[in-house]
Amino acid sequence: MAITCLFVDWGWYLLLLWIALATVVSAQSAPEIPLGVAWQVKGLWRVDGQASPVQTGDAVKPGSLLWPITGSPAHSITILLPDGQRILYECFQAEDCGRGFRVPSLYRRPDPKAVSMMWRIHAALAGTSREPESALRQESSLPRDEAVAMLDAQARVEVTGLVAALPDGQYTYTAHALGHGDALPIRKTFDKKGASVILDIQSPGLYDVIIADRLNTPRVDLLIAGVKQPQGAIIRDSFRDAKARMEDWNGDYQGWPMHDFQRAYLEALVLDINPQIPHTLSVSPSSQKTRSGEVAEPVFTPKPGLFQGDTAVTLRCDTPGATIHFTVDGSQPLTFSPVYTAPIMVKGTALTIKAFATAEGKNQSSVVTGIFRIAD
């Protein structure tokens, strides 16, 4: 009888293990098509060849052409790419908003995990599988942190990180379970002693937690994924890898929305939000062939990317008699920006070159962007 029970227990364990692994692998799988993600979209924008406006969280393919839609006073949009590039586009005057903005191509083949991560983030931010009033969409001025923690036998989690910086003492926390709109919030008090805290979250899941001090002043906005083995270790390792990747990208390009993207990725993993290929990515990005009556886009030589030493960058335009205006500080080039006359030197640091071309009797070209980095 004991032997029979042993086999039954192992059978159930293996079955649960298989289900957990299949669920997490499915959650992490994503199409191999690299995509960028639109972020902090202000004003109306559209991708060339598409009618619907671009929203925050939408997929934007590298190499696409973005157009500001007239009618709003100011336009800005940030595009984040799976090779780490971060590009801000903005315009404020009618003349400047009359130009298109070319999203850079990828300067290297992205890691498949990076592609999968960006698809997951897109799926979560686009709200394809969750309520729009989710706490993740609410902006918070509090210090934020994210954590994956294993539940113990009493459904408690031990959390370190940002909470370790809080002074020892008594605190209150309110935890909202995400993905369960009918769940009542958890409100409890705990004593912090040392470099970690123990929180009771009652069951596995994703929780938006606000920690307040004894004066009821909110101190930390914490997103906790309470997980169990065996899938918990896979989620923890996947999140750790994604966090490290985003930290590397932010070090190279600066300005990545670290907490927002980490939260979106963690939400996608824990709530099993599966990415779906938008129809807009089933076609090639807009051709870079010059349109009739338009000046050709400037071309960088060498192509943007990472270089081992100081590099001279040249710009050319294939339209006869064209004038190229450019900037090297990441700002948008305007008609009174410097005129290109000689190679631009990239020395010892990163340089973001943006440029467009003009010619008499023709429409101005779109703005092109090249990010040139020197290896450490």
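Because the structure is a prediction, the values reported are computed rather than measured.

## Re the packing of aromatic side chains
Moving on, step 1. Following the criterion strictly, the structure yields 10 aromatic pairs and no others.
Moving on, step 2. A ring pair is formed by Y89 and F101, whose centres lie 5.3 Å apart and whose planes are at 50°; its orientation type is tilted. Note that Y89 is positioned in strand β6 (residues 86-91) and F101 in strand β7 (residues 101-102), a separation of 12 residues in sequence.
Moving on, step 3. A residue is classified by how much of its surface remains accessible, and Y89, at 0% relative accessible area, is buried.
Moving on, step 4. Ring centres of F326 and Y340 lie 6.3 Å apart, and the angle between their planes is 80°; on these two criteria the pair is classed as edge-to-face.

## Here we look at the pattern of salt bridges
Moving on, step 1. Tallied over the entire structure, the rule returns 17 salt bridges.
Moving on, step 2. Between D168 and K192 there is a salt bridge, with its nearest N and O atoms 3.0 Å apart. With D168 in the loop between β9 (156-159) and β10 (169-178) and K192 in strand β11 (residues 186-192), the pair connects residues that are 24 residues apart, well separated along the chain.
Moving on, step 3. On the accessibility criterion, D168 (53% relative accessible area) is exposed.
Moving on, step 4. As a salt-bridge pair, D318 and R316 come within 3.2 Å of each other at their nearest N and O atoms.

## Describing the pairing of strand β18 (residues 323-327)
Moving on, step 1. For β18, a buried count of four out of five residues is recorded, marking the element as mostly surrounded by other parts of the structure.
Moving on, step 2. Looking at chain direction, β18 and strand β20 (residues 351-358) are connected through five bridges and run antiparallel. Directly across from T327, in β20, lies its bridge partner K354.

Conventions and cut-offs
Residues numbered from 1 in each chain as written. Predicted model: local features only at pLDDT ≥ 70, side-chain atom pairs only at ≥ 80, totals over all residues. Heavy atoms only, no water. Phe/Tyr/Trp six-rings, centres within 6.5 Å; stacked < 30°, edge-to-face > 60°. Helix = DSSP H or I, 4+ residues; strand = E, 2+ residues; numbered from the N terminus. Buried < 20%, exposed > 50% of the residue type's maximum accessible area, 1.4 Å probe, protein only. Salt bridge = Lys/Arg side-chain N within 4 Å of Asp/Glu carboxyl O. Pairing = 2+ DSSP bridges.

That is the geometry; function is a separate question.
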